[in-house]
There are 2 protein chains.
Amino acid sequence: MPQKTAVPKADMREALMSEARAAVQAHGYNALSFRELAKAVGIKSASVHYHFPTKGDLGAALAHRYTQEGAAVLEDLLAQSRDARWCMDRYIEIFRAALVNDNRMCLCGIMGAEYDDLPPGVRTEIDAFAQVNIGWLERVLALTKSKRDKTALKEQAVAIYAAIEGAQLIARSRGDIAAYDQAVRAYRATRLIP
Amino acid sequence: MPQKTAVPKADMREALMSEARAAVQAHGYNALSFRELAKAVGIKSASVHYHFPTKGDLGAALAHRYTQEGAAVLEDLLAQSRDARWCMDRYIEIFRAALVNDNRMCLCGIMGAEYDDLPPGVRTEIDAFAQVNIGWLERVLALTKSKRDKTALKEQAVAIYAAIEGAQLIARSRGDIAAYDQAVRAYRATRLIP
DNA sequence: ACCTGAACACCGTTCAAGT
DNA sequence: ACCTGAACACCGTTCAAGT
């Protein structure tokens, strides 16, 4: 896929990140190619290194921005409502949307599968994403009436994050969004998710 | 890592599959290299193509065997006991063992993350693995006293498979087996898993 | 400040050639 | 039947060179 329209000079870094993000969510970090990326935005692969010295730098920048944006979205949800059920509905929708959008996965979920191959800088950012999600889930769970000790709450937050990432993973690998919906229904039937 | 001991000629195909399986569980399908694989067993990369014409053929062979072996193990569990709790304990242990063993992932879980890049033959085998697991989980859930309609049972089976794969994924990507254990405890506390 | 071509050591794959 | 070296088009990275 060559570039559709010339990329304005000043936005080259942005254009690279945007293309790269879509590519990683679709095919993973390993499959990301500087040469294809360059072709997509209309420069040479050597020039990509001017903006991102190594592939690891690009991966870390992607994961960092993804985490920042995700945190902002989640923060906004809690600002809009203190209803746990409503917040979880939105959370579930967000992860579902990635599947709908070209069978993509959460950037950090798919990179997590490649964890052992990732440069340290990328790993750090992936960890941060998990922390943001689990922390937010804890706060949402705390809105629930049911009294629970802090440890159980934390465990449930970890479990929900794992369960949602897992549902996304298996739905994607079967090319079947219905699998995501089925898993989520069962999560809610058992009240793992409020 | 060069070969430790010379590989007997007749077992070359086996040696390749064994090395490749460990490599994929650790680093994924994309990161699997015919050249490194060849070095590990003491032949040239061109020779690997004699045993497996393409990388896709190797991947499909790996996933096929993995599914067959997994199915046999699960079958054996149900033959040993009709207690759902005991069967699920073993199931949870199996997926945990991969993490303990060099932070590896389920072969089909990690390949699922790379699904869009996989040759069709590999995809088919990954689907088969999911089917085997979900089918087995349905049978185990059916052992439970609680009366449930078939649809709910199937959904719960899908959910457990997704939840376990997800717990493995996030534990691996945080390099922390405790995350797996935490998620599983919450799955059981909510009775998602018997 | 931003881009380039050429080189390097990697990759999967093919193929004619060896035993 | 099983292996090989050489070639091909790919990959990330480096660097001297251009504007």
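The preceding data block contains the structure.
Residues numbered from 1 in each chain as written. Chains lettered and ligands numbered in written order. Predicted model: local features only at pLDDT ≥ 70, side-chain atom pairs only at ≥ 80, totals over all residues. Heavy atoms only, no water.

Asks: Give a description of the relation of the copies chain B and chain A that names residues and reports values.
Replies: Once chain B is rotated about the relating axis by 180 degrees and shifted along it by 0.0 Å, it coincides with chain A to within an RMSD of 0.0 Å. In short, the pair behaves as if placed about a two-fold rotation axis. For chain B, the residue whose C-alpha comes nearest the rotation axis is G166(B), separated from it by 1.7 Å. A shared interface surface links the copies, since 100% of the contact residues of chain B are contact residues in chain A too. (Least-squares fit on C-alpha atoms with pLDDT ≥ 70 in both. Contact = heavy atoms within 4.5 Å.)

Asks: Requested: an account of the packing of helix 5 (residues 84–100) of chain A against helix 7 (residues 120–142) of chain A, with residues and values cited.
Replies: Each pair of packed helices can be described by the angle between their axes along with the distance between the axes. All names here are of chain A. It is at 10 Å that the axes of helix 5 and helix 7 come closest, and there the two elements cross at 155 degrees. Taken together, helix 5 and helix 7 sit at an angle that is classed as roughly antiparallel. Across the interface between the two elements, A84, C87, M88, Y91 and F95 from helix 5 touch N133, W136, L137 and V140 from helix 7. Grouping the constituent residues of the contact of helix 5 with helix 7 by class yields eight nonpolar, one polar and no charged. (Axes fitted to C-alpha atoms, helices over the stretch in contact; angles between N-to-C directions. Helix = DSSP H or I, 4+ residues; strand = E, 2+ residues; numbered from the N terminus. Parallel < 35°, antiparallel > 145°, perpendicular 65-115°, else oblique. Nonpolar A, V, L, I, M, F, W, Y, C, P; charged D, E, K, R; others polar.)

Asks: Tell me what's going on with the pattern of salt bridges, and back it up with residues and numbers.
Replies: Residue and element names in this part refer to chain A. Scanning all chains against the criterion turns up 20 salt bridges over all chains. Between R90 and E93 there is a salt bridge whose closest N-O contact spans 3.0 Å. With a gap of three residues between them, R90 and E93 both fall in helix 5, about one helical turn apart. Residue classification places E93 among the partly exposed residues on the basis of a relative accessible area of 43%. (Salt bridge = Lys/Arg side-chain N within 4 Å of Asp/Glu carboxyl O. Buried < 20%, exposed > 50% of the residue type's maximum accessible area, 1.4 Å probe, protein only.)

Asks: Run through the protein's contact with DNA strand C, naming residues and quoting values.
Replies: By nearness alone, 17 residues border DNA strand C, and K44(A), H51(A), F34(B), R35(B) and K55(B) come closest of all. For DNA strand C, the backbone makes up 57% of the atoms found within 4 Å of the protein, where backbone means sugar plus phosphate. Take K44(A): an N or O atom from its main chain is 2.7 Å from a phosphate oxygen of DNA strand C. A distance of 2.9 Å separates a phosphate oxygen of DNA strand C from a polar atom in the side chain of S33(B). For the surface near DNA strand C, the elements supplying multiple residues, two or more each, are helix 3 (45–51) of chain A together with helix 2 (34–41) and helix 3 (45–51) of chain B. In terms of residue count, helix 3 of chain A provides more of the surface near DNA strand C than any other element does, four residues in total. Looking at side-chain class alone, the surface near DNA strand C contains seven nonpolar, six polar and four charged residues. (Near = heavy atom within 4 Å. Polar contact = N/O pair within 3.5 Å; in protein donor to acceptor, adjacent residues only side chain to side chain.)

Asks: Residues and numbers for the protein's contact with DNA strand D, please.
Replies: By nearness alone, 17 residues border DNA strand D, and F34(A), R35(A), K55(A), K44(B) and H51(B) come closest of all. Sugar and phosphate atoms constitute 60% of the interface atoms of DNA strand D, taking the interface as everything within 4 Å of the protein. L32(A) places a main-chain nitrogen or oxygen 2.9 Å from a phosphate oxygen of DNA strand D. Where the surface near DNA strand D is concerned, the elements lending two or more residues are helix 2 (34–41) and helix 3 of chain A together with helix 3 of chain B. Looking at the surface near DNA strand D, its residues break down into seven nonpolar, six polar and four charged.

Asks: Lay out the environment of V132(B) in plain terms, naming residues and giving numbers.
Replies: Residue and element names in this part refer to chain B. Mapped onto the elements of the fold, V132 is located in helix 7 (residues 120–142). On the basis of relative accessibility, which here comes to 26%, the residue V132 falls in the partly exposed class. Taking the C-alpha atoms as reference points, V132 and P120, separated by 12 residues in sequence, lie 19 Å from one another. In this structure, V132 is in contact with T67, A71 and L74, ignoring residues within four places of it in sequence.

Asks: Pulling in residues and values, what's your account of the packing of aromatic side chains?
Replies: Scanning the model with the defined rule gives eight aromatic pairs over all chains in all. When the ring of Y66(B) is compared with that of F129(B), the centres are 5.3 Å apart and the planes differ by 35 degrees; the resulting orientation is tilted. Here F129(B) lies in helix 7 and Y66(B) lies in helix 4 (residues 55–80), a separation of 63 residues in the sequence. Each member of the pair, Y66(B) together with F129(B), is buried. On the basis of an interplanar angle of 20 degrees and a centroid distance of 5.3 Å, the ring pair of Y91(B) and W136(B) is categorised as stacked. Taken together, the positions of Y91(B) in helix 5 (residues 84–100) and W136(B) in helix 7 put the pair 45 residues apart, joining distant regions of the chain. A single burial state applies to Y91(B) and to W136(B), both of which are buried. Three or more aromatic residues joined by ring pairs form one cluster here, namely Y66(A), F129(A) and Y161(A). Above the face of the Y29(A) ring, K55(A) is positioned so that its terminal group lies 4.9 Å from the ring centre. (Phe/Tyr/Trp six-rings, centres within 6.5 Å; stacked < 30°, edge-to-face > 60°. Lys NZ or Arg CZ within 6 Å of the ring centre and 35° of its normal.)

Asks: I'd like a rundown of the environment of T190(B), residues and numbers included.
Replies: Within the secondary structure, T190(B) is located in the segment after helix 9 (177–189). Take T190(B): its relative accessible area is 18%, and that puts it in the buried class. Setting aside anything within four residues of it in sequence, one finds T190(B) in contact with T190(A), R191(A) and L192(A). A distance of 3.1 Å separates a polar atom in the side chain of T190(B) from the backbone oxygen of Y187(B).

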